[in-house]
Amino acid sequence: MSSSTRLIFVVFDSADQYWLKHWAKAGDLPNFKRLGDASLHGEIENRPGVFTIATWFSLATGVEPTRHGFYSFSQYDPGTYRLTNIEAEKLHYQTLWQALDEQGKKCAVIDFPRMPLLKLQHGLQVIDWYPHDLSANGLASDPENVAIEIQKRYGSDPFEGHCDRFRLKSADDFKEFITIVEKRIQCKVEFAESLWRSSRFDTLTVGFGDAHCAGHQCWHLQHADHLRHDKILAHAVPDPIKQVYRALDTALGRLLDLADENTKIVVLANPGMEANYHSKIQAAELLERINESLPHGDHAVNTMSSQPMPELARKKSLSVPVGDTYFAIRANVIDRERYGILRMGMELDAYLQEITQEIMALHREDGLCVFDDVIRTSDTYHVDHQHNLPDLMFKSRRDLPSRVITSPLVGSATSNFTPHRSGDHNPLGAYWVYPAPNGVLKSDTVRDLDIGVTLCALFDTDIEDCDGNVIDQWLV
Ligand SMILES: [Zn+2]
Ligand SMILES: [Zn+2]
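Note that this is a predicted model, so its numbers are computed, not measured.

Description of the overall build of the protein chain
Right, on to step 1. Broken down by element type, the protein chain carries 14 helices and 19 strands.
Right, on to step 2. Expected size for 476 residues packed as a compact globule is a radius of gyration near 23 Å; at 23 Å, the protein chain falls within 12% of this value.
Right, on to step 3. Here the protein chain holds 476 residues, and the buried ones make up 50% of them.

Right under this line is the structure:
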């Protein structure tokens, strides 16, 4: 790449690629159409099972989730059997912006999902301005005066990083929500434009959390086939997701217009969204009962410690959070967990195999399986640091909810729980590289892990100690 190369990197957090492309084709999103017609584009394969959180760290660092260790907003600690919220500032791997900064490149980074403040020498960074999930404690920047200026000009996030807290119900609630989201998008793109025009940045990264918020809150209003769809409400608030995507489309158009012949634009819509149906509460209850029926781990529990043993430490395995798409299990393994009861090796293998069979055999009231896929960490990820992730992750079949689920071994469990979030993530994302290198439009699926590394390679720079590979097709 020439020394005059510049990059605008736009991240539409959890904007669903299927609907973006569908509405672009229908003429509702002219700038996504313009982007699709002139970009190398394809799908993103996210890190299996743990993609909702891990993908952002893997994308930025090129490092596998087993190594960076972030897989859920709240993670299980094998020392205490407790859940603790992740702290993004504990990210110990170099990000693409730090690698570029070391080479003297000037990077502006605004609201890349989950990123802590990275202390760039030459550039600037803003976090937690209008995010879906907070990286830290609210709007902050390096240098500090940027956040002060933003606060003065635009104000901070009306949702304070928790769009769930409004518990939207009435048409007025949803209308106000959409108005706020549209305003956030407009403010952010205006600020991004002003940055790019006011100073010569080599890279500008802008993350939009708005499709993420709208997807969780409004999926049932957008889609008439959703079980929580309310016709009267949908009539009063038509196409809420499309409205938000339209605002993002306008922002995209303004960012595309910033590019000159030396500027590459890379756009991600990642991960995807779909209806949020799952039976994790029933599955967790049945897991306990299945554990009691399986033979493993019956030898003496480690009682050497003088500390009182947590109740959870007596279990063969626990269900641990990884988001709503997957149901995750962590086995209680000797020398890996504080009070492990399953022996590493043959006993653990046999247990994982049997529990996989039993969980995959869970079925719904309509007779279909509750889960349609399973990821076993030891088969999927590199052997180093596998202990940082859950052992098994079962993918929920998302076409319908089921109140009652049944295990052939231990009977049924029932829950009337309906998630407040009507939409939730699926692992499919999409990317666009604009303009298309050599005019080639269609490309292979790429891994999230390879994207940050490739963006660095646009500037002939590497990220230190990473697992990702350069996507050659993006560089031509
Ligand atoms: Zn989410
Ligand atoms: Zn949100």
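With respect to the domain arrangement of the protein chain
Many authors give the size of an interface as the accessible area that is lost as the parts come together.
Right, on to step 1. The assigned domain composition of the protein chain is domain 1 (6–276 + 423–475) and domain 2 (280–414).
Right, on to step 2. A straight line from the C-alpha centre of domain 1 to that of domain 2 covers 32 Å.
Right, on to step 3. On the domain 2 side, the residues contacting the 25 residues of domain 1 number 27 residues.
Right, on to step 4. Those elements that provide at least two residues to the side of domain 1 that touches domain 2 are helix 4 (65–68), strand 3 (74–77), strand 10 (272–275) and strand 17 (423–426).
Right, on to step 5. The class makeup of the residues in the side of domain 1 that touches domain 2 is ten nonpolar, eleven polar and four charged.

Let's talk about helix 12 (residues 346–360)
Right, on to step 1. Counted at 1.5 Å a residue, the expected span for helix 12 with its 15 residues is 21 Å, and the 21 Å between its end C-alpha atoms agrees.
Right, on to step 2. Residues Leu 348, Tyr 351, Leu 352, Ile 355, Glu 358 and Ile 359 constitute the buried set of helix 12. Considered in projection along helix 12, the buried side chains sweep an arc of 135° and stay on one side of the axis. Away from its buried face, by an angle of more than 90 degrees, helix 12 presents the exposed residues Met 346 and Gln 353.
Right, on to step 3. Packed against the buried residues of helix 12 are helix 11 (280–293), strand 11 (317–320), strand 12 (326–331), strand 13 (371–376), strand 14 (392–396) and strand 15 (404–407).

Focus on unusual backbone geometry
Right, on to step 1. With an omega dihedral of -5°, the bond running from Asp 142 to Pro 143 counts as a cis peptide bond.
Right, on to step 2. Secondary-structure assignment places Pro 143 in the loop between strand 7 (140–142) and helix 6 (144–153).
Right, on to step 3. Following Tyr 434, the chain continues to Pro 435 via a peptide bond in cis, the omega torsion being -5°.
Right, on to step 4. Even without being glycine, His 385 reaches a positive phi, approximately 65°.

Examining the packing of helix 7 (residues 171–198) against helix 10 (residues 240–256)
Right, on to step 1. The interhelical angle for the contact between helix 7 and helix 10, taken along N-to-C directions, is 10°, at an axis separation of 10 Å. By the angle class used here, helix 7 and helix 10 are roughly parallel. Contacts between helix 7 and helix 10 involve Phe 174, Ile 178, Val 181, Glu 182, Ile 185, Val 189, Ala 192 and Glu 193 on the former and, on the latter, Pro 240, Gln 243, Val 244, Ala 247, Leu 248, Ala 251, Arg 254 and Leu 255.
Right, on to step 2. Among the residues making up the contact of helix 7 with helix 10, the classes are represented as twelve nonpolar, one polar and three charged.

Focus: the packing of helix 1 (residues 17–25) against helix 10
Right, on to step 1. Helix 10 packs onto helix 1 with a crossing angle of 75° between their chain directions and a minimal axis gap of 11 Å. Classified by the angle between their axes, helix 1 and helix 10 sit roughly perpendicular to one another. Of the residues in helix 10, those touching helix 1 at Trp 19, Leu 20 and Trp 23 are Ile 241, Lys 242 and Tyr 245.
Right, on to step 2. Partitioning the contact of helix 1 with helix 10 into residue classes produces five nonpolar, no polar and one charged.

Structural notes on the sheet that holds strand 11
Right, on to step 1. Ordered by their spatial adjacency, four strands build an open sheet running 11-12-14-13, and the pairing between neighbours is antiparallel. For this open sheet the edge positions go to strand 11 and strand 13, each flanked by a neighbour on one side alone. Averaged over neighbouring strand pairs, the angle between their axes works out to 25° when direction is ignored.
Right, on to step 2. Note that strand 11 and strand 12 share four bridges and pair antiparallel. For Ser 317, the partnering residue across the bridge sits in strand 12 and is Ala 331.

With respect to the sheet that holds strand 6 (residues 124–127)
Right, on to step 1. The strand order 7-6-5-8-1-9-18-2-19 describes an open sheet built from nine strands, whose pairing is mixed. Looking at which strands have only one partner, the edges of the open sheet turn out to be strand 7 and strand 19 (446–447).
Right, on to step 2. Across four bridges, the pairing between strand 5 (residues 107–110) and strand 8 (residues 203–208) is parallel. Across the sheet, Val 109 pairs through a bridge with Thr 205, a residue of strand 8.
Right, on to step 3. Where helix 2 (residues 30–38) meets the sheet, its contacts fall on strand 2 (40–45), strand 9 (263–270) and strand 18 (428–434), and the angle it forms with strand 18 comes to roughly 70°.
Right, on to step 4. Packed on one face of the sheet, helix 10 meets strand 1 (6–13), strand 8 and strand 9 and runs near 175° to strand 1.

Overview of the environment of Asn 291
Right, on to step 1. Mapped onto the elements, Asn 291 comes out in helix 11.
Right, on to step 2. Asn 291 gets classed as buried once you count the C-beta atoms within 10 Å, which come to 21.
Right, on to step 3. Spatially, the C-alpha atom of Asn 291 lies 9.9 Å from that of Glu 354, the residues being 63 residues apart in sequence.
Right, on to step 4. Contact partners of Asn 291, with chain neighbours within four places excluded, come to Lys 315, Lys 316 and Ser 317.

Some remarks on helix 11
Right, on to step 1. Taking 1.5 Å as the rise per residue, helix 11 with 14 residues should run 20 Å; its terminal C-alpha atoms sit 20 Å apart, in good agreement.
Right, on to step 2. When we look at burial in helix 11, the residues that qualify are Lys 280, Gln 282, Ala 283, Leu 286, Leu 287, Ile 290 and Asn 291.
Right, on to step 3. Along its buried surface, helix 11 packs onto strand 11, strand 12, helix 12, strand 15 and strand 16 (411–414).

Details of the environment of Gln 17
Right, on to step 1. When you line up the elements, Gln 17 lands in helix 1.
Right, on to step 2. Exposure remark for Gln 17: the 24 C-beta atoms within 10 Å place this residue in the buried category.
Right, on to step 3. Other than its neighbours up to four places away in sequence, Gln 17 contacts Ala 269, Gly 272, Leu 428, Gly 429 and Ala 430.

A short note on the nonpolar core
Right, on to step 1. Within the largest apolar cluster, 134 residues are counted, with the highest numbers of intra-cluster contacts made by Val 10, Leu 248 and Val 267.
Right, on to step 2. Of the domains in this structure, domain 1 (6–276 + 423–475) and domain 2 (280–414) are the two that each give at least three residues to this core.
Right, on to step 3. Sequence-distant contacts of Leu 248, that is, excluding residues within four places in its chain, are made with Phe 12, Ala 15, Ile 185, Phe 208, Asp 210 and Ala 211.

Rules of the game
- Residues numbered from 1 in each chain as written.
- Chains lettered and ligands numbered in written order.
- Predicted model: local features only at pLDDT ≥ 70, side-chain atom pairs only at ≥ 80, totals over all residues.
- Helix = DSSP H or I, 4+ residues; strand = E, 2+ residues; numbered from the N terminus.
- Rg over C-alpha atoms; globule rule 2.2 N^0.38 Å.
- Buried ≥ 20, exposed ≤ 12 C-beta atoms within 10 Å, placed from the backbone.
- Domains from an automatic or database assignment.
- Contact = placed C-beta atoms within 7 Å.
- Nonpolar A, V, L, I, M, F, W, Y, C, P; charged D, E, K, R; others polar.
- Expected span 1.5 Å × (residues − 1).
- Arc of directions from axis to C-beta.
- Axes fitted to C-alpha atoms, helices over the stretch in contact; angles between N-to-C directions.
- Parallel < 35°, antiparallel > 145°, perpendicular 65-115°, else oblique.
- Pairing = 2+ DSSP bridges.
- Core = buried A, V, L, I, M, F, W, Y, C linked by C-beta atoms within 7 Å.

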